[in-house]
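Commentary on secondary and tertiary structure
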Amino acid sequence: MNHLRTARQAQGWTQARAAARLRVSQPYLAMLEAGHRPLTPAVARRAMRVYGLPPTVLPPGEAAAQATVETLAQDLAALGYPGFAHLARRGVAAKHPGTVLLTALSQPELEARTVEALPWLLLRYWHLDPAWLVREAKLRDLQNRLGFVVSLAREVAEREGDEPRLAALRALEATLDRSRLAREDTLGGADLSGAERRWLELRRSDAARHWNLLTDWTAEALRHRV
């Protein structure tokens, strides 16, 4: 895999030295760097530690259809989300950011603190594999929820003027828009009352209306949080 080769070369290490640090054989590392062998979770975690790589190097796991509030908060804390920094625990393994994002979006109910963390995930880990992310979202009918969160992150990126990140988010948003679902949905608010639904339908943002979501989240609300 190219990122392993690039990370090793950035350290100025030979394959033999890097293999010793990763506790694998040099021929096996050569196959990993060439993409001839899949990166296992154990080796990926060692690569994160040895090379200082981000959690996106981890093989994505299966998004959970059910997750507790505590589990999501711990997962976000392990990925460095400042809002849950107090929950970070030494030795708690980080998960692939895309897996955490899709797990959160799969939940029928989400706490506000979790919802406001999702644009941060995309802003922090904007180099997620877009083809994988879109494919997994479509398999779960999550493209509208994901598209809306991407639009929030994109608006924040526009304010900050980070062009590479902004370009990636715009491209992801455009791809998701091509598979936008017509049915109405919520963002972690499955138990909304009829009155709440009517209120949101009238007062939701243009972005929420575009993605057929009943939610009052806006990029402006995230200004001091993301």
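Analysis parameters
- Residues numbered from 1 in each chain as written.
- Predicted model: local features only at pLDDT ≥ 70, side-chain atom pairs only at ≥ 80, totals over all residues.
- Heavy atoms only, no water.
- Helix = DSSP H or I, 4+ residues; strand = E, 2+ residues; numbered from the N terminus.
- Polar contact = N/O pair within 3.5 Å; in protein donor to acceptor, adjacent residues only side chain to side chain.
- Buried < 20%, exposed > 50% of the residue type's maximum accessible area, 1.4 Å probe, protein only.
- Phe/Tyr/Trp six-rings, centres within 6.5 Å; stacked < 30°, edge-to-face > 60°.

1. A closer look at the side chain of Gln-107
Residue position: Gln-107 is located in the loop between α6 (97-106) and α7 (112-115). Within the local environment of Gln-107, its side chain forms a polar contact with the backbone oxygen of Thr-103, the two atoms lying 2.7 Å apart.

2. Considering unusual backbone geometry
Here Arg-23, not a glycine, exhibits a phi torsion of approximately 60°, which is positive. Tracing the chain through its elements places Arg-23 in the loop between α2 (15-22) and α3 (26-33). Residue class for Arg-23 comes out exposed when judged on its relative accessible area of 58%.

3. Describing the packing of aromatic side chains
On inspection of all chains with the given rule, the structure shows four aromatic pairs. Between the aromatic rings of Trp-13 and Tyr-51, the centroid separation amounts to 6.0 Å while the plane-to-plane angle is 40°, which identifies the pairing as tilted. Taken together, the residues span a long stretch of sequence, with Trp-13 in the loop between α1 (2-11) and α2 and Tyr-51 in helix α4 (residues 41-51) at a distance of 38 residues. Both residues of the pair, Trp-13 and Tyr-51, belong to the buried class. Aromatic rings pair up to connect Tyr-81, Phe-84, Trp-120 and Tyr-125 into one cluster.

Scope: geometric values only; no functional claims are made or implied.
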